[in-house]
Structure formats: structure tokens, C-alpha cells
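# Understanding the architecture of this molecule
Single-letter residue listing:
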Amino acid sequence: MGSAFLISGPKKFEFNVNITDNPLAFKAELIAIILVLLVCLKDANITIYVDAQAIINIFNQLKKESLQQISRGKRQYNAWWILSFKIIKFFNLTVLLVKVKAHDNSEYNNVVDKLAKEALNNDPVFIDPRLLMYKGNVCWNHNPIEKEVTIMIKHIRETQWIEEFFNLHRNDCWNNSEMLTEIDWSSTFRVLKGNTKLTNFSEHELNSFKVKIWTEELPTLDNLVKRKPHVYSSKWKYPMCLKDKETYTHLWKCEHLGQVNRNVKLADLEHQKGINAKMKKSANKSKLVANKLDKIVFHDMSPLTSR
Ligand SMILES: [Zn+2]
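Looking at an unreviewed UniProt entry, one finds the protein chain named RNase H type-1 domain-containing protein, with Rhizophagus irregularis as its source organism.

Below, the structure is given as C-alpha cells:
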């Protein structure tokens, strides 16, 4: 992403850089401001025209705070904000930010827009991370964290958790890019997690039971043989019918359990409908999700009606 500035006076000066490290419009604009501040003369009185109102609002709010107070803030790009106010204090600058309409047809605005676009062909700018250090900065891989620290740590933990989870042997069957794109993950986790507000042992056991069904890890005989071959024999048949081996699929196909299975499926269908109704309510913004849910119910009903 390109970042650019133009100084109109006392001496005309233009500058543009390419930002490749987590490029975002907000960051590009903030870096442009920092670069302008760096080239200003000591004790200068400057007016900077920017097109992001959000930057002006934060700037005006931070103007009233000391560096110590700013460093305690939890806003995004706090390290960059600290740097800009360090420069302002160091050069004793008086800075005023003024809003200019984005992509307005003013002469300077057009020039800066063009400069920013052209910057994409330039070499990326390197900013020494030590510049962004201020007392208690939290770093990740030796780089100061730009986001709010608690959110960043939450995201890192979640990513690590997902990676650990997918690398488990039991997830080998899902662990290919084609299969992963087929799955609607938000719906999957909502069904698996059930009641997200409750955290007690019975909820935990129910959730763990759902995951065991999902990953076909119920303690059926074929799984028990794998876990404790010295105790269980693979020759044993399913004790209820003594016809076939006790596997996950047999549980659903066994004639002996036919009626039980039909009742379970009916109860499950009712439960699923209840969940879908709740999910539809909360997802009414997205028609796409609602249609998907209808398909899930329809799909679930077909084996029942064909019986
Ligand atoms: Zn059977």
C-alpha cells in the first residue's frame, strides 16, 4: 500500500513510500503524518490536511495526554501514536490536523493520491522497530504489537489452538484444503458448542460427547480394540445382535437397534430444528445462512422418510 505526503510551503516537497508490513489505509495515513513530522523544522507551526476523520479524532484526544498516558492506551497502532507524539515533543511542533474530503478534486489531493498509487512500485519502507519502543511495549517475534494487546494475544492463542487441533491424528480426514472450504465452520462450532453461556461439567460432557460422535471416537468395540488390544478382541460381535462387528456405522444400521435409532433420529431432528430456529433468528441478516440451514434440515429428513 502506498503512503504519500506533499508539503506546500515554505518549500515545496513531495514524498511517497510503499508499505508492505500489515498495510491498511489507516496505518498508511498515520505513517504519512509521522514522515511529515520527521522532516519539519524545530518549533514549526504546521497544518496537516488528512482525509481520515478517525485519525483527526484520535489525534485531538491524544494531544491532551502525556506520553505516559498515551502508552497506557489500548487503541490500535498505539506504538505509532506514541512515536508521532514523541516526535512532536522532541521537535517542539505545533500541529493542527484538518479534514479534507477523500478523493476531492483539489489540486494537492490529486497529486498526493497519484503519489500514493505510484509508491506501489517503490521498494518497501523499513522502519526500525526500536523507533516504536516506549517503556513497556509488548512485542511478538521482536516486533511491537500494533493491535490492542489483549485482542492480539487472544488471536495468537486461538490460532495456536486451531493449529494444534487440526494436527491431531483424528482430524486427518478433514485436514485438506478442499474439505476445509466445504465446511461451514461457524455453524459447526455453534452446534458443537451448544450453550456458550454455560460452562459446567454436564455441558462439558455433552460437548465432548458431540465431538466424539463427530470424530467417530465413541467407545465402540473397533475403537476399544485399537486402544486396549490385550483386553478386547476384534473377533467379538456386537452383543445386541451378535451378527456384525461393533463399529460406528453399525450402531446406525443395526436392525436390532432400528426402532431406537429411528427415535433418536426423530429426537435429534426436533433438536436440530430448535437450534436452526434459534440460529435463523440471530442470523436473519444473512439470507444465505438461513437457506443453508433449511438445506441441513431437508437433508437430515430424507433418510427418515425413505424408511
Ligand atoms: Zn447389529
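## Comments concerning the coordination of the zinc ion
Coordination of the zinc ion by the protein comes from Cys241 (SG), His250 (NE2) and Cys254 (SG), over a distance range of 2.1 to 2.2 Å. Positions of the donor residues of the zinc ion along the chain correspond to the pattern C-x8-H-x3-C. Across the pair, Cys254 and His250 agree in class, each one buried.

## Re the side chain of Asn78
Structurally, Asn78 is set in helix H4 (residues 78-90). Excluding its chain neighbours within four sequence positions, the residues that come into contact with Asn78 are Ile70, Ser71, Gly73 and Glu146.

## Some points on the packing of helix H1 (residues 25-39) against helix H2 (residues 53-63)
The interhelical angle for the contact between H1 and H2, taken along N-to-C directions, is 55 degrees, at an axis separation of 10 Å. When the interaxial angle is binned, H1 and H2 end up oblique. For the pair H1 and H2, the crossing hand works out as right-handed. On H2, the residues touching Phe26, Glu29, Leu30 and Ile33 of H1 are Ala54, Ile55 and Ile58. Classifying every residue of the contact of H1 with H2 gives six nonpolar, no polar and one charged.

## What about H2?
Within H2 the residues assigned to the buried category are Ile55, Ile56, Phe59 and Leu62. The buried residues of H2 all sit within an arc of 135 degrees when viewed along its axis, so they share a single face. Along its buried surface, H2 packs onto H1, strand E3 (45-50), helix H3 (67-71), H4 and strand E4 (94-99).

## Digging into the pattern of salt bridges
For the coordinates displayed, the defined rule picks out one salt bridge. A salt bridge links Glu118 to Lys114, with the shortest nitrogen-to-oxygen separation between them at 3.7 Å. With Glu118 and Lys114 both in helix H5 (residues 107-118) and four residues apart, the pair spans about one turn of that helix.

## Comments concerning the packing of helix H8 (residues 185-193) against helix H12 (residues 258-282)
The contact between H8 and H12 brings their axes to 12 Å, and the two run at 130 degrees. The angle between H8 and H12 falls in the class oblique. As for how H8 packs across H12, the hand of that crossing is right-handed. Touching Ser187, Arg190 and Val191 of H8 are Gln272, Ile275, Met279 and Ser282, all from H12.

## Quick look at the packing of aromatic side chains
Scanning the model with the defined rule gives ten aromatic pairs in all. Measuring from ring centre to ring centre gives 5.4 Å for Trp161 and Phe165, while their planes differ by 5 degrees; the resulting arrangement is stacked. Taken together, the positions of Trp161 and Phe165, both in helix H6 (residues 149-166) and four residues apart, correspond to about one turn of that helix. Under the relative-accessibility criterion, Phe165 is labelled buried at 13%. A network of ring pairs unites the aromatic residues Trp161, Phe165, Phe166 and Trp185 as a single cluster.

## As for the pairing of strand E2 (residues 13-18)
As paired elements, strand E1 (residues 2-7) and E2 share six bridges and run antiparallel to each other. Across the sheet, the residue bridging to Gly2 is Asn18, located in E2. Hairpin connection, E1 to E2: the antiparallel pair is bridged by five residues.

## Notes on the nonpolar core
Membership of the largest hydrophobic core comes to 38 residues, with the highest contact counts inside it found for Leu37, Ile48, Trp80, Trp81, Phe85, Val95 and Leu97. Going through the elements one at a time, E1, H1, E3, H2, H3, H4 and E4 are the ones with two or more residues in this core. If you look at the next biggest cluster of nonpolar residues, it comprises seven residues, including Tyr238, Cys241, Tyr248 and Leu257.

## Details of helix H9 (residues 201-214)
Compared with an ideal rise of 1.5 Å per residue, which puts 14 residues at 20 Å, H9 spans 20 Å between its outermost C-alpha atoms and is within 8% of the ideal. Residues of H9 that are buried: Glu203, Asn207 and Lys210. End-on view of H9: buried residues confined to an arc of 55 degrees, all on one side of the axis. In H9, the exposed positions angled more than 90 degrees off the buried face are occupied by Phe201, His204 and Glu205. Of the surrounding elements, those touching the buried residues of H9 are H8.

## Digging into unusual backbone geometry
The phi dihedral of Tyr77 is positive, around 60 degrees, even though this residue is not glycine. Mapped onto the fold, Tyr77 is located in the loop between H3 and H4. Positive phi, close to 55 degrees, is recorded for Leu242, a residue that is not glycine. Here Leu242 is to be found in the loop between helix H10 (221-227) and helix H11 (248-253).

## Observations concerning the environment of Val95
Within the secondary structure, Val95 is located in strand E4. Note: C-alpha distance between Val95 and Lys63 (32 residues apart in sequence) is 9.3 Å. The contacts of Val95, once residues within four sequence positions are left out, are Leu37, Ile46, Ile48, Phe59, Lys63 and Ile88.

Rules and cut-offs
Residues numbered from 1 in each chain as written. Predicted model: local features only at pLDDT ≥ 70, side-chain atom pairs only at ≥ 80, totals over all residues. Heavy atoms only, no water. Donors = N, O, S within 2.8 Å, 3.2 Å for Na, K, Ca; no water. Buried < 20%, exposed > 50% of the residue type's maximum accessible area, 1.4 Å probe, protein only. Helix = DSSP H or I, 4+ residues; strand = E, 2+ residues; numbered from the N terminus. Contact = heavy atoms within 4.5 Å. Axes fitted to C-alpha atoms, helices over the stretch in contact; angles between N-to-C directions. Parallel < 35°, antiparallel > 145°, perpendicular 65-115°, else oblique. Left-handed = near helix turned anticlockwise from the far one by under 90°. Nonpolar A, V, L, I, M, F, W, Y, C, P; charged D, E, K, R; others polar. Arc of directions from axis to C-beta. Salt bridge = Lys/Arg side-chain N within 4 Å of Asp/Glu carboxyl O. Phe/Tyr/Trp six-rings, centres within 6.5 Å; stacked < 30°, edge-to-face > 60°. Pairing = 2+ DSSP bridges. Core = buried A, V, L, I, M, F, W, Y, C linked by side-chain atoms within 4.5 Å. Expected span 1.5 Å × (residues − 1).

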